[in-house]
Amino acid sequence: MLKGKTALVTGGSRGIGEAIAYKLASLGANIAVIYAGNVTAAEKVCEKCKQDYGVEAKAYQCNVADFSETKETVAKVKADFGTAQILINNAGITRDGLLAMMKEEDFDAVLDTNLKGAFHMIRHMTGLFLRAKEGCIVNISSVSGMMGNAGQCNYSASKAGLIGLTKSVAKELAPKGIRCNAVAPGFIATDMTGDQTDNPLLKMIPLGRMGEPEDVAEAVAYLVTAKYVTGEVLRVDGGIAM
């Protein structure tokens, strides 16, 4: 279905990003794994993509919060793969804390990675999309950006910003045949979420359980292949934000 296409997945070395990389590889896409620090994990994802799905895959270390670094990384991907048609903005961090005690640097760090990082990647990938006369962007937002979450004003703001970014990019680039959508996961079992056994919010999930990274990957795959869908925010949250 995606044979001959190349997909960049930021934060692709673990958790949701890893699951997305495998899902897109299973559909035939070559994978550029963008990672922050764990080269071993990133290389492991690449090897699995190559061995299990027969696609090309390569890892690139990049701080998505850095404008110049993201530009250089996109140039490297272009040199290695020729072009790219798919961008998954999944890289994200948390620096949770109550508003009254939150440090400025913790607010800035989360916005710089989660929101500005997505802008950087879209900004530098758009040229490739325009030249290819096609492109698909999927931003990984969160239900925290739709309903807020106490102790996460920085994270919620970044994820709400991603939704606004998604809709603006979708409107701006649609005439060029470039689509932009978002997925808003709820509570997904990953290293980032940690042990949520005693979290009272779990009782608010209508489906009664946390999701898996693969649940998000399936939604991403749908949006990548849904040619008449743009500007959409698809919740994958067990119903918690409905």
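Residues numbered from 1 in each chain as written. Predicted model: local features only at pLDDT ≥ 70, side-chain atom pairs only at ≥ 80, totals over all residues. Heavy atoms only, no water.

### Some thoughts on the environment of Lys58
- Positionally, Lys58 belongs in strand β3 (residues 57-61).
- You can call Lys58 partly exposed: its relative accessible area is 39%.
- In this structure the C-alpha to C-alpha distance between Lys58 and Asp80, which are 22 residues apart in sequence, comes to 8.7 Å.
- In contact with Lys58, other than residues within four places in its own chain, are Ile31, Ala32, Val33, Cys46, Asp80 and Phe81. (Helix = DSSP H or I, 4+ residues; strand = E, 2+ residues; numbered from the N terminus. Buried < 20%, exposed > 50% of the residue type's maximum accessible area, 1.4 Å probe, protein only. Contact = heavy atoms within 4.5 Å.)

### Observations regarding the pairing of strand β2 (residues 30-35)
- Within β2, 6 of the 6 residues are buried, which leaves the element mostly enclosed by the surrounding structure.
- Here 5 bridges tie strand β1 (residues 6-10) to β2, and the two strands are oriented parallel to one another. Across the sheet, the residue bridging to Leu8 is Ala32, located in β2.
- In the classification by handedness, the crossover that spans β1, the intervening helix α1 (residues 15-26) and the parallel β2 is right-handed.
- Here β2 runs beside β3; their pairing, made up of 5 bridges, is parallel. Note that in β3 the partner of Val33 across the bridge is Ala59.
- The β-α-β motif built from β2, the intervening helix α2 (residues 39-53) and the parallel element β3 has right-handed crossover chirality. (Pairing = 2+ DSSP bridges. Right-handed = clockwise from strand over helix to strand, strands pointing away.)

Spatial relationships are all this shows, so hold off on functional conclusions.
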